[in-house]
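The chain contents come next:
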Amino acid sequence: MKTLMLSFLCLGLLGCNENKQAIQGTWKMVYAETVENDSVKIKNLSNTTFIKIINQDHFAFFNQENHGSDHFYGGAGTYSLKGSTYNETLKFTQVESLKNHMFSFSVSIKGDTLIQSGLEHVKEAGINRTITEKYVRVN
């Protein structure tokens, strides 16, 4: 019985490790939807590039217009992944009320596509919205 339980534990840990390895890489946003106050907003990506980089335990994201440097923003921090639950703790941002805030999302990877969705709620920043983001693997 102990051997059987140990086998299941090892398989579970291997599955988590495989999932964490699968999410690591550089991702380009191809779709972003925000639902806030019964309003749906689709991010216009025709003139901007949004990149997310995920390594073993950190993430970073950057958004910049394709021509010019207006509206640049970015952020970074640490993350954890357990099954499909992906938690980001934002450590680096210019928005003080978001520093050290943990955002919890559901993620799935299908082929070269990462889908991330969840509730972003930060009372101090006046944020209460549901997001869905789709990324394509760049590498």
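Every chain's residues receive numbers from 1 upward, in the order its sequence appears when written. pLDDT decides what is reported in this predicted model: residues at 70 or higher carry local features, side-chain atom pairs at 80 or more are listed and counted, and totals for whole chains, interfaces and linings draw on all residues regardless. Values reported for side chains reflect all heavy atoms of the structure, with hydrogen atoms and water molecules removed beforehand.

## Focus: the side chain of Asn87
Stage number 1. A run of DSSP states H or I qualifies as a helix once it reaches four residues; a run of E qualifies as a strand once it reaches two. Both are numbered from the N-terminal end. Along the polypeptide, Asn87 turns up in strand S6 (residues 85–92).
Stage number 2. Here's how the labels work: a residue is buried when its accessible area is under 20% of the maximum for its type, exposed when over 50%, partly exposed in between, all with a 1.4 Å probe on protein chains only. What makes Asn87 buried here is its relative accessible area of 15%.
Stage number 3. Counted as a polar contact is a pair of N or O atoms within 3.5 Å, where, for protein atoms, one must be capable of donating a hydrogen and the other of accepting one, and residues adjacent in sequence contribute only when both atoms are in side chains. Here Ser104 takes part through its side chain, which lies 2.8 Å from a polar atom of the side chain of Asn87.
Stage number 4. The contact criterion used throughout is that any non-hydrogen atoms of two residues lie within 4.5 Å. Those residues in contact with Asn87 that sit more than four places away from it in its chain are Thr78, Tyr79, Ser80, Met102, Phe103, Ser104 and Phe105.

## Quick word on the pairing of strand S4 (residues 58–65)
Where a strand is regular, its side chains alternate between the two sheet faces.
Stage number 1. At least two bridges found by DSSP between two strands are what make those strands a pair. Alignment of strand S3 (residues 48–54) against S4, held across 7 bridges, turns out to be antiparallel. Across the sheet, Phe50 pairs through a bridge with Asn63, a residue of S4.
Stage number 2. By the bridge criterion, 6 bridges tie S4 to strand S5 (residues 73–82) in an arrangement that is antiparallel. Residue pairing for S5: Asn63 is matched across the bridge by Tyr73.

## As for the pattern of salt bridges
Stage number 1. Salt bridges are counted wherever a side-chain nitrogen of Lys or Arg sits within 4 Å of a carboxyl oxygen of Asp or Glu. For the structure on display, the rule yields 3 salt bridges.
Stage number 2. Between Glu88 and Lys52 there is a salt bridge; the shortest N-O distance is 2.7 Å. Of this pair, Glu88 sits in strand S6 while Lys52 sits in strand S3, and the two are 36 residues apart along the sequence.
Stage number 3. You can call Glu88 buried: its relative accessible area is 6%.
Stage number 4. Relative accessible area serves as the criterion here: at 2%, Lys52 is assigned to the buried category.
Stage number 5. The shortest N-O distance in the salt bridge between Lys99 and Glu96 comes to 3.3 Å.

## A closer look at the environment of Asp57
Stage number 1. Looking at where Asp57 falls in the secondary structure, it is placed in the loop between S3 and S4.
Stage number 2. Owing to a relative accessible area of 38%, Asp57 belongs among the partly exposed residues under this scheme.
Stage number 3. The contacts of Asp57, once residues within four sequence positions are left out, are Gly77, Thr78 and Tyr79.
Stage number 4. A polar atom in the side chain of Asp57 sits 2.7 Å from the side chain of His58.

## Quick word on the nonpolar core
Stage number 1. Side-chain atoms within 4.5 Å link the members of a nonpolar core, which is a set of buried Ala, Val, Leu, Ile, Met, Phe, Trp, Tyr and Cys residues. With 21 residues, the main nonpolar core has Ile23, Ile54, Phe59, Tyr79, Tyr86 and Leu114 as its most contacted residues.
Stage number 2. For this core, the secondary-structure elements that each account for two or more residues are strand S1 (25–36), S3, S4, S5, S6, strand S7 (101–110), strand S8 (113–122) and strand S9 (127–137).
Stage number 3. Beyond its immediate chain neighbours, meaning those up to four positions away, Ile23 contacts Ile54, Tyr79, Leu81, Tyr86, Val107, Ile109 and Leu114.

## Remarks on the pairing of S5
Stage number 1. Across 7 bridges, S5 lies against S6 in antiparallel orientation. Bridge pairing in S6 places Leu81 opposite Tyr86.
Stage number 2. The turn joining S5 and S6, which pair antiparallel and follow one another in sequence, is formed by 2 residues; a positive phi near 65° is taken by Gly83.

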